[in-house]
Amino acid sequence: MYTLRPTARPRAGLGLLILLAPCFAVGGCDASSPAPPAVPADSLSIRDIRVRLAADVPRLRFRATGGVHLLDGETGKTLAEIADEEWYEVAAADGGSLTVGEADLGAKLLHIASPAGSAELSLPRDGQWGLPRLYPGRLAVRATPSGGLFVLNLVDLETYVGSVTASEVAPRFADEAYRAQAVAARTYALYAMLEAEASGATHDVSGGEASQVYSGYRDDAPGRRGREAAEATRAIVATWDDNGRQRVFPTYYSAVCGGVSQSGAIFGKASDLPPLRGGVECDYCSIAPTKSYRWDTVTISLPEAQQRLVGRYSEIASICPLMGVEVAETGAGGRPVRIRLLGAGGRTHDLSAENFRLAMDSRGREVKSTMFDLRMKGSTLIFENGRGFGHGLGLCQWGMEGQARAGRHAGEILAYYYPGVRLTRAY
Ligand SMILES: [Zn+2]
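Residues numbered from 1 in each chain as written. Predicted model: local features only at pLDDT ≥ 70, side-chain atom pairs only at ≥ 80, totals over all residues. Heavy atoms only, no water.

Now for the overall build of the protein chain. Within the protein chain, the secondary structure is distributed over seven helices and 27 strands. Residues classed as buried in the protein chain amount to 52% of the 427 residues present. Long-range pairs, those at least 24 residues apart, make up 68% of the contacts in the protein chain with a sequence separation of at least 6. For the protein chain, the computed accessible surface area is about 18,900 Å², with 48% contributed by carbon and sulfur atoms. (Helix = DSSP H or I, 4+ residues; strand = E, 2+ residues; numbered from the N terminus. Buried < 20%, exposed > 50% of the residue type's maximum accessible area, 1.4 Å probe, protein only. Contact = heavy atoms within 4.5 Å. Areas by Shrake-Rupley, 256 points an atom, 1.4 Å probe, with all protein chains shown as cover.)

Summed over all chains, the structure comprises 10 aromatic pairs. With a centroid separation of 4.8 Å and an interplanar angle of 85 degrees, the aromatic rings of F173 and W398 are classed as edge-to-face. Linking F173 in the loop between helix 1 (157–168) and helix 2 (175–199) with W398 in helix 6 (residues 397–405), this pair joins segments that are 225 residues apart in sequence. Using a relative accessible area of 2% as the deciding quantity, one classes F173 as buried. Here the aromatic residues Y135, Y160 and Y214 are joined through ring pairs into a cluster of three or more. Above the plane of the ring of W87 lies R61, whose end atom (NZ or CZ) is 4.7 Å from the centre. If you follow R294 out to its NZ or CZ, it ends over the ring of Y293, 4.0 Å from the centre. (Phe/Tyr/Trp six-rings, centres within 6.5 Å; stacked < 30°, edge-to-face > 60°. Lys NZ or Arg CZ within 6 Å of the ring centre and 35° of its normal.)

This part covers the pairing of strand 9 (residues 109–122). Here strand 9 lies mainly inside the structure; 10 of its 14 residues are buried. Strand direction decides the pairing type here: strand 3 (residues 60–63) and strand 9, joined by three bridges, are antiparallel. Bridge pairing in strand 9 places R63 opposite E120. Bridge count between strand 4 (residues 68–72) and strand 9: four bridges; the pairing is antiparallel. Within strand 9, the residue paired with L70 across the bridge is I112. (Pairing = 2+ DSSP bridges.)

Before going further, it helps to spend a moment on the sheet that holds strand 21 (residues 336–342). Strand order across the open sheet formed by three strands is 20-21-22, with antiparallel pairing between neighbours. Edge strands, defined here as strands with exactly one partner in the open sheet, are strand 20 (324–330) and strand 22 (348–352). Averaged over all pairs of adjacent strands, the angle between their axes in this sheet comes to 25 degrees, without regard to strand direction. As paired elements, strand 20 and strand 21 share six bridges and run antiparallel to each other. Residue pairing in the sheet places V325 in a bridge with L341 of strand 21. (Axes fitted to C-alpha atoms, helices over the stretch in contact; angles between N-to-C directions.)

So, about the nonpolar core. Counting 91 residues, the largest nonpolar core has F62, L70, V90, L110 and Y160 as its most contacted members. The element that contributes the greatest number of residues to this core is helix 2, accounting for 13 residues. Residue contacts for F62: discarding those within four places in its chain leaves V68, L70, I82, E86, W87, Y88, V90, V100, I112 and E120. In terms of nonpolar packing, the next biggest core, distinct from the first, is built from 24 residues, W295, L322, F372 and L381 among them. (Core = buried A, V, L, I, M, F, W, Y, C linked by side-chain atoms within 4.5 Å.)

Under the definition given, this model contains 20 salt bridges. The shortest N-O distance in the salt bridge between R179 and E176 comes to 2.7 Å. You can see R179 and its partner E176 sitting in helix 2, three residues apart, about one turn around the helix. Overall, E176 belongs to the buried group, its relative accessible area being 12%. Sharing partners across several salt bridges, the network here consists of R47, R50, E197 and D204. (Salt bridge = Lys/Arg side-chain N within 4 Å of Asp/Glu carboxyl O.)

Along its 12 residues, helix 3 (residues 221–232) runs 16 Å from first to last C-alpha, staying within 8% of the 16 Å computed at 1.5 Å per residue. Contacts made by the buried residues of helix 3 are with helix 1 and helix 2. (Expected span 1.5 Å × (residues − 1).)

Reading across from one edge, 19-24-23 is the order of the three strands in this open sheet, with antiparallel pairing throughout. The open sheet has two free edges, formed respectively by strand 19 (298–301) and strand 23 (373–377), since each of these has just one partner strand. On average, each strand axis in the sheet is tilted by 25 degrees relative to the strand beside it, whichever way the strands run. As paired elements, strand 23 and strand 24 (residues 380–384) share five bridges and run antiparallel to each other. When the bridges of strand 24 are listed, K377 appears paired with T380. Relative to the sheet, helix 4 (residues 302–312) contacts strand 19, strand 23 and strand 24, its axis offset from that of strand 19 by approximately 85 degrees.

Before going further, it helps to spend a moment on helix 2. Helix length check: helix 2 (25 residues) gives 36 Å between terminal C-alpha atoms against 36 Å at 1.5 Å per residue, within 8%. With 19 of 25 residues buried, helix 2 is to be regarded as a mostly interior element. Following helix 2 by one or two positions, G200 adopts a phi angle in the positive range, close to 70 degrees.

The subject of this paragraph is the packing of helix 2 against helix 3. Axis separation between helix 2 and helix 3 bottoms out at 8 Å; the angle between their running directions is 65 degrees. Considered as vectors, helix 2 and helix 3 are oriented roughly perpendicular to each other. Between helix 2 and helix 3 the crossing geometry is right-handed. Along its contact with helix 2, which presents D175, Y178, R179, A182 and R186, the element helix 3 presents P222, R225, G226, A229, A230 and A232. The class makeup of the residues in the contact of helix 2 with helix 3 is six nonpolar, one polar and four charged. (Parallel < 35°, antiparallel > 145°, perpendicular 65-115°, else oblique. Left-handed = near helix turned anticlockwise from the far one by under 90°. Nonpolar A, V, L, I, M, F, W, Y, C, P; charged D, E, K, R; others polar.)

Right, here's the structure in full:
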């Protein structure tokens with residue numbers, strides 16, 4: 001089935017090399033026409049970003065137009081070349097080596113590369129093969145302790161940024177909104193790469209909403225526009241001045257702030273970063289689709305609320321039965337940041353407003369944000385005056401679109417939602 005060939009050792013991986021030199025202040029900068037790179041593109045480089053596609057799946061299958069090269073990820077040795085375009089299945093064998101079809105390749109880290117550019121990957125979901133997706137760069141696979149597979153996509157950062165941008169904006173957003181999103185996505189990714197290097201993590205980001213939504217190669221209009229936005233803002237990140245050093249930070253963003261941005265306190269350690277202090281007023285997001293800038297009153301009975309809370313946080317059972325709920329603390333712009341659960345015998349339990357909201361409605365389809373007025377009527381919780389959709393921290397995406405429609409450039413939009421940032425060329 002395979003043709004084994006002599007090894008062509010792949011180019012050694014370039015280390016993560018970051019040059020954070022301010023290139024221009026945001027106020028006077030037009031991110032749509034960035035200055036030419038200060039250094040030749042190939043003299044300073046950055047390693048591929050490691051996107052986790054699966055933490056532990058029983059198997060995967062792949063194929064690629066033009067065939068596939070299989071390499072030992074540890075030695076760089078080419079293990080096999082597949083010329084046909086059939087699906088091949090990867091699984092873990094005893095001892096942690098990986099099998100492709102019937103063949104045990106003896107490698108513990110398998111790289112799957114397509115000379116044509118992208119390989120198609122399908123992962124099992126609910127006992128069936130999931131929808132195949134095209135991934136540029138390489139797929140890296142290793143066995144997990146439980147005998148499953150851990151799957152990464154090793155992909156060029158700019159390619160990743162283009163794809164994320166396409167998935168994180170509404171398709172009809174304006175060009176400057178795409179560009180602002182591209183800079184936010186790149187900054188978030190770069191911050192994650194630096195964090196992962198410092199902690200020795202196995203991956204930089206995951207492919208879903210916990211990080212940024214990444215769908216691999218997208219051959220549609222948003223995919224093309226995302227790539228154009230990445231290209232127009234290539235290597236540019238948003239930074240804040242930390243006593244003379246330009247630093248990247250986790251550029252959080254969410255769909256609709258609802259009027260004022262959330263404080264970084266909801267995510268702990270980011271709370272003291274100047275660009276994430278929150279309280280940025282924004283009515284630009286009033287153009288968002290109905291029921292997200294302002295959403296309908298939601299009622300939940302106390303027994304139902306108790307069931308949802310205990311289902312997510314078992315320790316809450318110790319204060320039950322739940323007698324009431326109140327806002328214990330508000331933050332930037334008057335948004336609730338801490339919720340107090342009132343239990344039997346005067347016992348209480350505090351949790352963050354964001355965790356409380358997600359316990360009430362994990363998908364955020366009804367309780368769409370933490371910006372609400374909360375009151376009790378009898379044994380019913382009432383969420384009133386709901387405003388916004390998402391966590392509300394950092395960049396407001398529909399506000400970004402509103403500002404782009406009003407003629408603002410990407411740099412101005414980013415400086416508005418992340419106060420004090422400037423645009424910096426990272427590499
Ligand atoms: Zn907004």
